[in-house]
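Per-entry structural report
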Amino acid sequence: DASPHENQNLIESVGMVGISNHLAEVARLVKKYAPYKETVLVRGENGTGKEKIARAIHEQSPREKGPFVTVNCTAITESLFESELFGYEKGAFTGAAQQKQGKFELADGGTIVLDEIGEMSPYLQAKLLRVIETKEIERLGDVKKRKIDARIIATTNKDITKEIKEGRFREDLYFRLAQIHITVPPLRERKEDIPILIETYLLAFSKDSGEFKHIDKDVCDLLTEYDWPGNVRELVNSIKRAVIMCDGNHITLDDLPLHLKNKRRLDANTYSDTLLDDAISATEKQMIIDALKKTKGSQVKAAKLLGISERSMWYRVKKYGIVD
């Protein structure tokens, strides 16, 4: 294995942040695949940074000066998807007042990223397969085929082999997409990257606020121990929130999201002689006290912070005898 310093240099060379062997392997594959035209499939859980990997491939490739076009396959309905991908001619359908280029044409000479391709319907999968095989697209309402030169990078958070078995994904398309592939590891499998991610994003967010924030060691330790089900995206959002919530120069446990503070309290207690309901009540009471402290006693604002109704907040304040 390479040293953390060697890993960091390799990872930074493709625009990513970390020192782990897992991420260094991803960076190595980015460099290996970048010069070619072949389609790449990037797999990984939500929040792992799959689109960032796709952009790194584009920026390391001979196409770096060409367009980089992203299509969110989860956000477009099937009825609109075809016109978005392939474009349309004037009058092709009601509302088509003028000609429009599709995403593939816009990506000509560059890269098109099909984000979360596992959400694409079988009908559109067949259309996409034809584009990959012929390198041609056809606008809606047009009989003319147009040659396109766009490298396709597809991303997915799904187990595509399972989707194939259950009839939701075409096996022939999968084989065309996954000729070369990269799997992005979840953050819980590369915890050594967490401190450097914290430092990087803390610096970036501090620059935005105009005041540098330091992070206490116990906070950094907690963030490193946590499993981050939302991966890098969740970590980034938590750091951003902590910078906003921090009143001084030092980020403390009080500035973290409530579920992280709650985890520290649960870790600090064994509850060996306490009933589960009592333990839950104690945690709930403490969370309400913290929220009221943060909002200077405003039950309305505290309720919003905790994601509960004002009535629920009033009931709990009465139940636990909290003086606000």
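Now for a description of the structure that goes with this document. (Residues numbered from 1 in each chain as written. Predicted model: local features only at pLDDT ≥ 70, side-chain atom pairs only at ≥ 80, totals over all residues. Heavy atoms only, no water.)

Regarding the overall build of the chain
Put simply, the rule is: Starting at the N terminus, helices and strands are each numbered in turn, a helix being any DSSP run of H or I of at least four residues and a strand any DSSP run of E of at least two. Summary of the burial criterion: residues with accessible area below 20% of their type's maximum are buried, those above 50% are exposed, and those between are partly exposed, where the area comes from a 1.4 Å probe applied to protein chains only. Contacts are residue-level and defined by heavy atoms, with any inter-residue pair within 4.5 Å sufficient. Methods summary: accessible areas were calculated by the Shrake-Rupley approach with a probe of 1.4 Å, and residue burial reflects only the protein chains presented.
Across its full length, the chain carries 15 helices and 11 strands. Dimensions of the chain along its principal axes, counting C-alpha atoms only, are 75 × 55 × 45 Å. When each of the 324 residues of the chain is scored for burial, the buried share is 43%. Contacts in the chain between residues at least 24 apart in sequence constitute 68% of all its contacts with a sequence separation of at least 6. Element-wise, carbon and sulfur atoms account for 51% of the exposed surface of the chain, whose accessible area totals about 17,300 Å².

Details of the pattern of salt bridges
For the record, the criterion: Salt bridges are identified by distance alone: a Lys or Arg side-chain nitrogen within 4 Å of an Asp or Glu carboxyl oxygen.
By the definition in use, this model includes 25 salt bridges. Glu 59 is the salt-bridge partner of Arg 55, the closest N and O atoms lying 3.9 Å from each other. Of the two residues, Arg 55 and Glu 59 both sit in helix H3 (residues 50-59), 4 residues apart, roughly one turn of that helix. According to the relative accessible area criterion, Glu 59 is partly exposed, its value standing at 41%. Note that Glu 211 is salt-bridged to Lys 213, the shortest N-O span being 3.8 Å. Overall, Lys 213 belongs to the buried group, its relative accessible area being 4%.

Concerning the pairing of strand E1 (residues 40-43)
As a reminder, the rule being used: Strand pairing requires that DSSP identify at least two bridges connecting the strands.
As paired elements, E1 and strand E8 (residues 151-156) share 4 bridges and run parallel to each other. When the bridges of E8 are listed, Val 42 appears paired with Thr 155. Relative to strand E9 (residues 180-183), E1 runs parallel, the two sharing 4 bridges. Among the inter-strand pairings, Val 42 is bridged to a residue of E9, identified as Ile 182.

Some points on the sheet that holds strand E2 (residues 68-72)
What counts, and what does not: Lines are fitted to the C-alpha atoms to define the axes, a helix being fitted only along its stretch in contact, and any angle between axes, read from their N-to-C directions, falls within 0 to 180 degrees.
The strand order E2-E5-E8-E1-E9 describes an open sheet built from 5 strands, whose pairing is parallel. The open sheet has two free edges, formed respectively by E2 and E9, since each of these has just one partner strand. When strand polarity is set aside, the average angle formed by the axes of neighbouring strands in this sheet is 20°. With 5 bridges connecting them, E2 and strand E5 (residues 111-115) associate as parallel partners. Bridge assignment links Phe 68 to a residue of E5, and that residue is Thr 111. In the packing of helix H2 (residues 21-33) onto the sheet, contacts are made with E1, E8 and E9, and the angle to E9 comes to roughly 160°.

Quick notes on helix H6 (residues 122-134)
An α-helix turns once per 3.6 residues; consequently, residues spaced three or four apart project the same way. Selection criterion: For a helix, the expected span equals 1.5 Å multiplied by the residue count minus one.
In this model H6 runs 18 Å from its N-terminal to its C-terminal C-alpha over 13 residues, within 8% of the 18 Å that 1.5 Å per residue would give. In the core, the buried residues of H6 are packed alongside helix H4 (78-86), helix H5 (103-106), E5, strand E6 (136-137), E8 and helix H8 (171-177). One or two positions beyond H6, positive phi appears at Lys 135, with a value near 60°.

Topic: the pairing of E8
Where burial is concerned, most of E8 is hidden: 6 out of the 6 residues are buried. Residues Arg 151, Ile 153 and Thr 155 of E8 are buried on one face, and the alternating residues Ile 152, Ala 154 and Thr 156, pointing to the opposite face, are buried as well. Alignment of E5 against E8, held across 4 bridges, turns out to be parallel. Note on E8: the bridge partner recorded for Thr 111 is Arg 151.

Topic: unusual backbone geometry
Phi angles above zero are rare outside glycine, and Trp 228 is one such case at about 50°. Relative to the helices and strands, Trp 228 is located in the loop between helix H10 (217-225) and helix H11 (231-245). Residue Trp 228 is classed as buried on the basis of its relative accessible area of 0%. Phi is positive for Asn 231, which is not a glycine, with a value near 60°.

Some thoughts on the side chain of Glu 163
Turning to its location among the elements, Glu 163 is positioned in helix H7 (residues 160-165). Residue class for Glu 163 comes out buried when judged on its relative accessible area of 8%. Filtering out sequence-adjacent residues up to four positions away, Glu 163 remains in contact with Lys 158, Arg 168 and Phe 169.

Quick look at the nonpolar core
The line we're drawing: What we call a nonpolar core is a set of buried Ala, Val, Leu, Ile, Met, Phe, Trp, Tyr and Cys residues that are connected through their side-chain atoms within 4.5 Å.
Counting 30 residues, the largest nonpolar core has Phe 104, Leu 114 and Leu 128 as its most contacted members. Elements supplying a minimum of two residues to this core: E2, H4, E5, H6, E8, H7 and H8. At 5 residues, H6 tops the list of elements feeding residues into this core. The contact partners of Leu 128, leaving out residues within four places of it in the chain, are Phe 104, Leu 114, Ile 117, Met 120, Ile 152 and Leu 173.

A closer look at the environment of Gly 49
Inspection of the secondary structure puts Gly 49 in the loop between E1 and H3. Considered as a pair, Gly 49 and Met 245 are 196 residues apart in the sequence and their alpha carbons are 25 Å apart.

Quick notes on the packing of helix H1 (residues 4-12) against H2
Heads up, the condition is: Angles below 35 degrees are treated as roughly parallel, those above 145 as roughly antiparallel, those between 65 and 115 as roughly perpendicular, and all remaining angles as oblique. Crossings are classed by handedness, with left-handed meaning an anticlockwise turn of the near helix from the far one by less than a right angle and right-handed meaning a clockwise turn.
Here H1 crosses H2 at 40°, and the two axes come no closer than 9 Å. Between H1 and H2, the interaxial angle falls into the category oblique. As for how H1 packs across H2, the hand of that crossing is left-handed. Residue-level contacts link Asn 7, Leu 10 and Ile 11 of H1 to Asn 21, Leu 23, Ala 24, Ala 27, Arg 28 and Lys 31 of H2.

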